[in-house]
Amino acid sequence: MTIKKHHIIGLLFILFSIEGMAQNARIEGKIIDARNNEPIAFCNVVVLGTQIGSTSDFDGNFIITGLEPGFLSLQASFVGYKTTTSADVLVSNNNVPFIEIYLEPAEETLSEVVVRVDRFEKVQEAPLSMQRIGLKEIESNPGANRDISRVIQSFPGVGSTPAFRNDVIIRGGGPSENRFFLDGVEIPVLNHFSTQGASGGPVGIINADFIESLDFYSGSFPASKYNALSGMLDFKQKEGSKDHTNFQITLGASEAAFTVDGPIGKKTSYIFSVRRSYLQFLFSAIGLPFLPTFNDYQFKLKTNFDKKNQLTVISLGSLDQLTLNTGIENPDAGQEYILSQIPVNNQWSYTFGLVYKHFFDKGFHTLVTSRNMLNNQFYKYPDNNENLPKTFDYNSTEAENKLRYELVIRDGGFKWNVGLNLEDARYTNTTSQQVYLEDSLIYLNYSTDLRLFKYGLSGQVSKRFFGSRLLLSLGLRMDGNNYNANTSNPLNQLSPRFSASYALSDKFQLNAGLGRYYQQAAYTTLGFRDNMNELMNESVAKYIGVNQYNLGVEYRVSEAVLFSLEGFYKDYFQYPVNLITGASLANQGAEYSSVAGAAPVNFDGKGEAIGFEILNRINLNTFNLLASYTYVRSMFTDINGSYIPSSWDSKHLLTLTGTKELKRNWRVGFKWRFVGGLPYTPYDLETSANVEAWDAIGQPYLDYSQLNANRYEAFHQLDLRIDKNYFFKKWTLMLYLDIQNAYNFQNEGQDYIIREKNADGSYKTVNNGTEYVLTSVPNSSGTVLPTIGIMVKF
């Protein structure tokens, strides 16, 4: 049956017009001492912003009934403990969420305790450069389509690009400078079709159905977090229902998902999901030259053996296939350009981890063991003609087996955290590639089988003074691996850090932090070999380092309104510089690529990123606003030691994100973002015209003598979103309409360079067939992109 446009409009009208029937939701949970996991009895628990609440029983359990379905937060308070606000929770008539709220002991005496609800709570080890992001902000962020990599673009310091990519760009650092943790387990891959050696990709791998909250660090990382220079994303996943089995079916902007959660006996709960994309159909329909298909799964199981022992099992994985849409008839210049240079890409990854916690009177032990693996394959035929030899054939794997131990003790007002991590890693790579260098065609063929043993040690102590007005935290860590003599000595990677926070008054707070951070170079760099199969970078490799200095002030107008101003300076050293192009590897990831860092390098590069951020967050029950402005300059040295603007030197980042709850479970939202023009490198048209050179890579060459000498125009975009939820007695229906680029901004990119054709379809050449005739075609992109999301929970 043919579905016509007016049928779709009529169906949407019906869906957005019907009303839910029942309004009788409830929530269950447990109040727990954060020190030792003991239950807290007779604790007051209320729904934030209301008088509805309950009291915990002898086992710390509570139930709140008679709730209106929707998002809510809970506030828990008890004598001798800090009043705590929970993460956002979605309650409905057919699903009873279970939430654990951990209370930290108050250090003041009873007469000094001032109860203050903190909706913008930070951890003691990082009182600045850190934002806590809740479920409601993730679910309702316009233009993000529940993709966390796009959600964080609303926050200060986070850059973005007009491209179909999720590069995580923080405070002028490159997309390879970040790390990601899921319930304490490191997950190296955050996006589907991930750029190996960086973090980019077109769509996120984490299913938003699992997320309870996210701690986003843009600097001043705790000592327990490691191997990052710019950012940390620390995800906390929700637990499965303790009450009964629930199902959810989701049709999103790019994928269909099925999620199930529920109890296994009285002590265990689980949540599991699978997703499959239909991007390939959407991209084919709108004539895009590449067709991505992704699949993923995610799983969490948690068992509480008793009050003192618990085990969490997590896993997630992906299977990605990117093919070329070679069936396009009469492709335009843009399609032809992309088809000529983009490779076929097949990629899969997984992470599996166990987190065991044992609590005692004043703290707890944590033991984390995990394994993760990435398999990345891509290849390219000249002009996509499979009858010709491949110009590029790449097969690589990264496998890591990790063991981490942490001990947290709270005693006498001090919080101590010590940790040890060990890792056994294996990187393999088989590469066959044509490379045009110094006016000659070179065939690069090598195989790598690299084993690394890594180790790290950390410690941090935090303490409040002067009636808790002053918070001090001092940390130290060191890391090493057995790659060479320099990297094997952990004293070469000694990483001290210090942060302080002082409450000038009940509303004003002054924050400061400084530290040195190290990150191992990418496997693609460490494992790069020449045709003699010699490791090209073994003798020079070092850990990449950065010194960070942060200073900020916060003004809390009320418990729900925050203003902050924060300045930052990042001083990079030992950054790899590509010996062929002369450019810092900090610039890699600006263009589409499946691999970053595979090149001979030195480690003499330097860099700096300097700027300031202004943030206003308003978190009311029915209205949320996030307004952020960042000024940032990002520059890295080239092979001559000259500072050059990096590919992330956007200068100005301005984002306004707001949502408003309306009656009858309607919600509307908007996001407007402005990104200053990014630098780019012009083409070397003389080299590009050479037939051997072009055929080697299927695209024009950049003129690195003019590295990032040009700059794009600024980019700005308005995204809109409308949500409507229906809460029936036995099931829930959630709908949203998301419109990206609502006023159809047209972004002007670097011109496409393509080869001119003869009438018979062959390519024009001159100089006895040694040079192509190239032509430049304007590259304008941007379209209004409406999507509909449907979630059914039962």
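**Student:** Would you mind going over the overall build of the chain with me for this structure?
**Tutor:** For the chain, the helix and strand inventory stands at 9 helices and 49 strands. Across its three principal directions, the C-alpha atoms of the chain cover 90 × 70 × 45 Å. Taken over 794 residues, the chain has a buried fraction of 58%. For the chain, the proportion of contacts with a sequence separation of at least 24, taken over those separated by at least 6, is 67%. Taken as a whole, the chain presents about 32,000 Å² of accessible surface, with 58% of it coming from carbon and sulfur.

**Student:** Even after reading the chapter, I still don't get the confidence of the model for the chain, so can you show me in this structure?
**Tutor:** On average, residues of the chain score 90 in pLDDT, and 94% of them are at 70 or above. With pLDDT under 50 throughout, residues 1-8 is counted as low confidence; its partners more than four residues away or in other chains account for 2 contacts. This model gives residues 109-115 a pLDDT under 50, and the stretch forms 4 contacts once residues within four places in sequence are excluded.

**Student:** Mind showing me how you'd approach the pairing of strand 37 (residues 651-661) here?
**Tutor:** Within a regular beta strand, the side chains point alternately toward one face of the sheet and then the other, so they alternate between its two faces. As judged from the 10 bridges shared by strand 35 (residues 623-637) and strand 37, these two strands associate in the antiparallel manner. What sits directly across from Tyr 631, in strand 37, is His 652. One ladder, built from 9 bridges, connects strand 37 with strand 38 (residues 666-675); its direction is antiparallel. Residue Thr 659 lies in a different strand from strand 38, and its bridge partner there is Gly 669.

**Student:** Is there a simple way to explain unusual backbone geometry in this structure?
**Tutor:** Peptide bonds are mostly trans, and most non-glycine residues show a negative phi. Despite not being glycine, Asn 741 has its phi angle at roughly 55°, a positive value. Residue placement: Asn 741 occurs in the loop between strand 44 (732-740) and strand 45 (747-755). Exposure remark for Asn 741: the relative accessible area of 5% places this residue in the buried category. Of note in the backbone geometry, Asn 767 takes a positive phi value of approximately 55° without being a glycine. Position of Asn 767 among the secondary structure elements: in the loop between strand 46 (765-766) and strand 47 (771-772).

**Student:** Would you explain the sheet that holds strand 14 (residues 185-186) in this entry?
**Tutor:** Adjacent strands of a sheet form backbone hydrogen bonds with each other and so pair up, either parallel or antiparallel. One open sheet accounts for 5 strands, arranged 10-17-18-13-14; its pairing is mixed. Of all the strands in the sheet, just strand 10 (130-134) and strand 14 have a single pairing partner and so form its edges. Both strand 13 (residues 178-182) and strand 14 contribute to a ladder of 2 bridges, which runs antiparallel. What sits directly across from Leu 182, in strand 14, is Val 185.

Thresholds applied
Residues numbered from 1 in each chain as written. Predicted model: local features only at pLDDT ≥ 70, side-chain atom pairs only at ≥ 80, totals over all residues. Heavy atoms only, no water. Helix = DSSP H or I, 4+ residues; strand = E, 2+ residues; numbered from the N terminus. Buried < 20%, exposed > 50% of the residue type's maximum accessible area, 1.4 Å probe, protein only. Contact = heavy atoms within 4.5 Å. Areas by Shrake-Rupley, 256 points an atom, 1.4 Å probe, with all protein chains shown as cover. pLDDT = per-residue confidence, 0-100. Pairing = 2+ DSSP bridges.

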